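Take a look at the letters that make up each chain.
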Amino acid sequence: MTTETRQNRVQDLLAGLSIAGLLLPEAVAYSSIAALPPQAGVIALFAGLLCYGLFGTSRFAIVSATSSSAAVLAAATATLAGGDPALRLSLAMGLVLVTGAFFLLAGLLKLGGLTSFIAKPVLRGFAFGLALTIILKQLASVVGVHLTDNNLIRFLPQLLEQLPRWNWAAAAVAGVALLLLWLCARIKRLPGGLLVVILGIAAGQWLDLQAHGVALIGVIDLRLEFAHLPVLPFADWLRLGELAFAMVMILYAESYGSISAFALKHGDRVSSNRDLLALGAANLLSGLFQGMPTGAGYSATSANEAAGANSRLAGAVAALVVLAIVLTVLPLVALTPEPVLAAIVIYALGRGLSLQPLGRYFSWRRDRLLVICAVAAVLVLGVLDGLLVAVGISVVLMLRQMSSADVRELGRIDGGHDFVDLLHHPSAERISGVLIVRPSEALFFANAERVLGAVLSLMRHATLPVHTVVLSLEESPDLDGTSIEALQAFFVQVQGEGKCLVLARVRHEAQEVLQTLPEACAPQVLISGLSVDGAVQLALQPAA
């Protein structure tokens, strides 16, 4: 073993020890957000560290329970359970299992390329609104205020109306814990979360905080009995499927954002499809033992990198340290005052509660409305409806952009082999008798007929006679059924007007299906993988 290898392993060991002190308190704290027993977060932590350590590709990612998934799980199960605790636990288990199944299916279908399904402005706006909501709910929990509404507009007045009945002893414990977390953060590799928990346990016993109305988290039951699949009506499974789809979108956007950010920073290569499988395995394992949803949270991953981790060994060390704590001092962890856990959550989310990531969209004058809508959706509609609205906004945004594709007419630049957009390069040369066009986006069901209609309009209204149309499909790696039908009709219309048609840069998958069309067998139609320059030279041959 080389000196460098030994040094890296020592750094991984130290990083694992450091982040274990952060992960265990956060895991228990996120269980309270999800309204699940404390062990649910610990089970999710073990499942995430184990499965991602075995199958994942990022050397920095820490997969465990996250605040966003905890909040979504709480909102979803509260809506469906109707106040029944046993049903709520079954629904939570079902939602985590379906989420894991969706992740595995996406990995098997190699859908890892869909890493930007949720637009970044929407995701950042949702995360900001969610963090603010969770922080205020944790504050309400600390001071003993019962909130009856998820709408933040009515949420704040309830909090302030009950000010005379606040539990000031619990508020003081949370305030001291926040101060200690802030001070510990000034010292590199000091496990502030674990230290605050230890001090909180000691203070709770010494000062008899329970006598002052400060609640403890209670028993953590980690008997790992393999759970049976929940018995739920088919209608509930359908609803869980809808919610699991939204959960996957948020978890994957959050996870891959963390994974790709640190991979780019360190020049690492990661596999999105393998990471999907790893997340699927982690969520299935967690769900089978009644744990929470898991993902690669940015704060834990950032802490792992900052602690000096060099490989996934750091996560394995963290899992072993947590396991040692669980096996030796778990009863003591149950004596942790609840305000201390609330402080850990508030501090973790407060670090990300910055307006700077949102402000850039206002300075760029791009996507400002998206950010505002995403924040407002969570604050006004609540976590669950806000999540669905955020996903809906992203889908609408994607479809709007793709369906608004226009057609670019191309010309030869500087007499060479390159063809560029005539609108932005007026000096480019038109080819006599040949109309060269390229859609600005991939053809799909929402834009195919309009784009091809625009090509026909350019052909019919060309200033010079056109004998051949060259259509470049380089932006369309594959074609759906609507696009194929639209191209079929397009072939007929071009032939009917006595023109020739050459399709350039057609990918193999699209070529195979287009060549089965009877209209593609006509001599006036050629489907090829030629470059635009090659297609133009072919189009000019009959005139030569």
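Numbering of residues begins from 1 in every chain and follows the order in which that chain's sequence is written. pLDDT decides what is reported in this predicted model: residues at 70 or higher carry local features, side-chain atom pairs at 80 or more are listed and counted, and totals for whole chains, interfaces and linings draw on all residues regardless. Values reported for side chains reflect all heavy atoms of the structure, with hydrogen atoms and water molecules removed beforehand.

- Under the annotation held in an unreviewed UniProt entry, the protein carries the name SulP family inorganic anion transporter and is attributed to Pseudomonas yamanorum.
- UniProt positions are given in the numbering used here, feature names are shortened, and annotations may be inferred rather than shown by experiment. In its Subcellular location (unreviewed entry) section, the UniProt entry covering the protein states "Membrane".

1. Observations concerning the overall build of the protein
- Helix and strand counts for the protein come out as 20 helices and eight strands.
- Seen through its C-alpha atoms, the protein measures out along the principal axes to roughly 100 × 60 × 50 Å.
- Working definition of accessibility: Shrake-Rupley area with a 1.4 Å probe, residue cover restricted to the visible protein chains. For the protein, the accessible surface area stands at approximately 25,300 Å², while carbon and sulfur atoms represent 62% of it.
- Residues scored as positive are Lys and Arg, those scored as negative are Asp and Glu, and His as well as the terminal groups of each chain are ignored. Charge coordinates come from a single atom per side chain, which is NZ of Lys, CZ of Arg, CG of Asp or CD of Glu. Taken together, the 34 basic and 36 acidic charged side chains of the protein have centroids lying 8 Å from each other. Helix and strand assignments come from DSSP, with helices taken as H or I runs of at least 4 residues and strands as E runs of at least 2, each series counted from the N terminus.

2. Comments concerning the side chain of Ser286
- Among the structural elements, Ser286 can be located in helix 10 (residues 272-288).
- By definition, residues are in contact when any of their heavy atoms lie within 4.5 Å. Apart from residues lying up to four places away in sequence, Ser286 is in contact with Ile43, Ala44, Ala47, Val96, Gly291, Met292 and Thr294.

3. Considerations on the pattern of salt bridges
- By definition, a salt bridge exists where a carboxyl oxygen of Asp or Glu is found within 4 Å of a side-chain nitrogen of Lys or Arg. With the rule as written, the count across this model stands at eight salt bridges.
- Arg59 serves as the salt-bridge partner of Asp268, at 2.7 Å between the closest nitrogen and oxygen. Here the residue Asp268 occupies a position in the loop between helix 9 (234-266) and helix 10, and Arg59 occupies one in the loop between helix 2 (39-55) and strand 1 (63-64), the gap between them amounting to 209 residues.
- Each residue's exposure class comes from its accessible area (1.4 Å probe, protein chains only) as a fraction of the maximum for that residue type: buried when under 20%, exposed when over 50%, partly exposed otherwise. In this structure Asp268 comes out as partly exposed when scored by relative accessible area, which is 26%.
- Of the charged contacts, one joins Glu242 and Arg239 as a salt bridge, the two residues approaching to 2.9 Å between their closest N and O atoms. One end of the pair is Glu242 and the other is Arg239, both in helix 9 and three residues apart, which spans about a single turn.
- By sharing partners, the salt bridges in this structure join Asp406, Arg408 and Asp421 into a single network.

4. Considering empty space enclosed by the protein
- In this analysis a 1.4 Å probe is tested at points of a 1 Å grid over the protein atoms alone, and where it fits but cannot get out there is a cavity; an open set with protein on both sides within 12 Å along at least five of seven lines is a pocket; lining residues have an atom within 4 Å of a point. Grid points are joined across faces, edges and corners, and a volume is the space filled by probe spheres set on the points. Applying the stated criterion to the full structure yields two cavities of 30 Å³ or more.
- The calculated volume of the largest cavity comes to roughly 80 Å³.
- Leu49, Gly53, Ala61, Arg312 and Gly315 are the residues nearest the centre of the largest cavity, which is lined by 13 residues in total.
- Elements with a contribution of two residues or more to the lining of the largest cavity: helix 2 and helix 12 (313-333).
- Ranked by the residues each element gives to the lining of the largest cavity, the list is headed by helix 2, at four residues.
- Taken as a whole, the second largest cavity encloses approximately 30 Å³ of empty space.
- If you go around the second largest cavity, the residues you meet are Leu23, Glu26, Ala27, Tyr30, Leu45, Ser64 and Ala65.
- The biggest single contributor to the lining of the second largest cavity is helix 1 (residues 3-33), with four residues.
- Amino acid classes used here: Ala, Val, Leu, Ile, Met, Phe, Trp, Tyr, Cys and Pro are nonpolar; Asp, Glu, Lys and Arg are charged; the rest, including Gly, are polar. Among the residues forming the lining of the second largest cavity, the class breakdown is five nonpolar, one polar and one charged.

5. Observations concerning the sheet that holds strand 7 (residues 500-504)
- Strands sit in the order 4-3-5-6-7-8 across an open sheet of six strands; the sheet is mixed. Strands at the two margins of the open sheet, each flanked by one partner only, are strand 4 (419-421) and strand 8 (525-527). Neighbouring strand axes in the sheet, compared pairwise and without regard to direction, differ in orientation by 25 degrees on average.
- One ladder, built from three bridges, connects strand 3 (residues 407-412) with strand 5 (residues 434-439); its direction is antiparallel. Within the sheet, the bridge partner assigned to Arg408 lies in strand 5 and is Arg438.
- Interaxial angle, 0 to 180 degrees, is taken between N-to-C directions of lines fitted to C-alpha atoms, where a helix line uses only the stretch in contact. Packing of helix 17 (residues 448-460) onto the sheet brings it into contact with strand 3, strand 5 and strand 6 (468-472), and relative to strand 5 it is tilted by some 160 degrees. By this definition, two strands are paired if DSSP reports at least two bridges between them.

6. Here we look at the environment of Phe55
- Structurally, Phe55 is set in helix 2.
- Exposure remark for Phe55: the relative accessible area of 40% places this residue in the partly exposed category.
- Residues Phe55 and Arg274, 219 residues apart in the sequence, show an inter-C-alpha distance of 6.8 Å.
- With residues near it in sequence (within four places) discarded, Phe55 still touches Arg274, Ala278 and Ala281.

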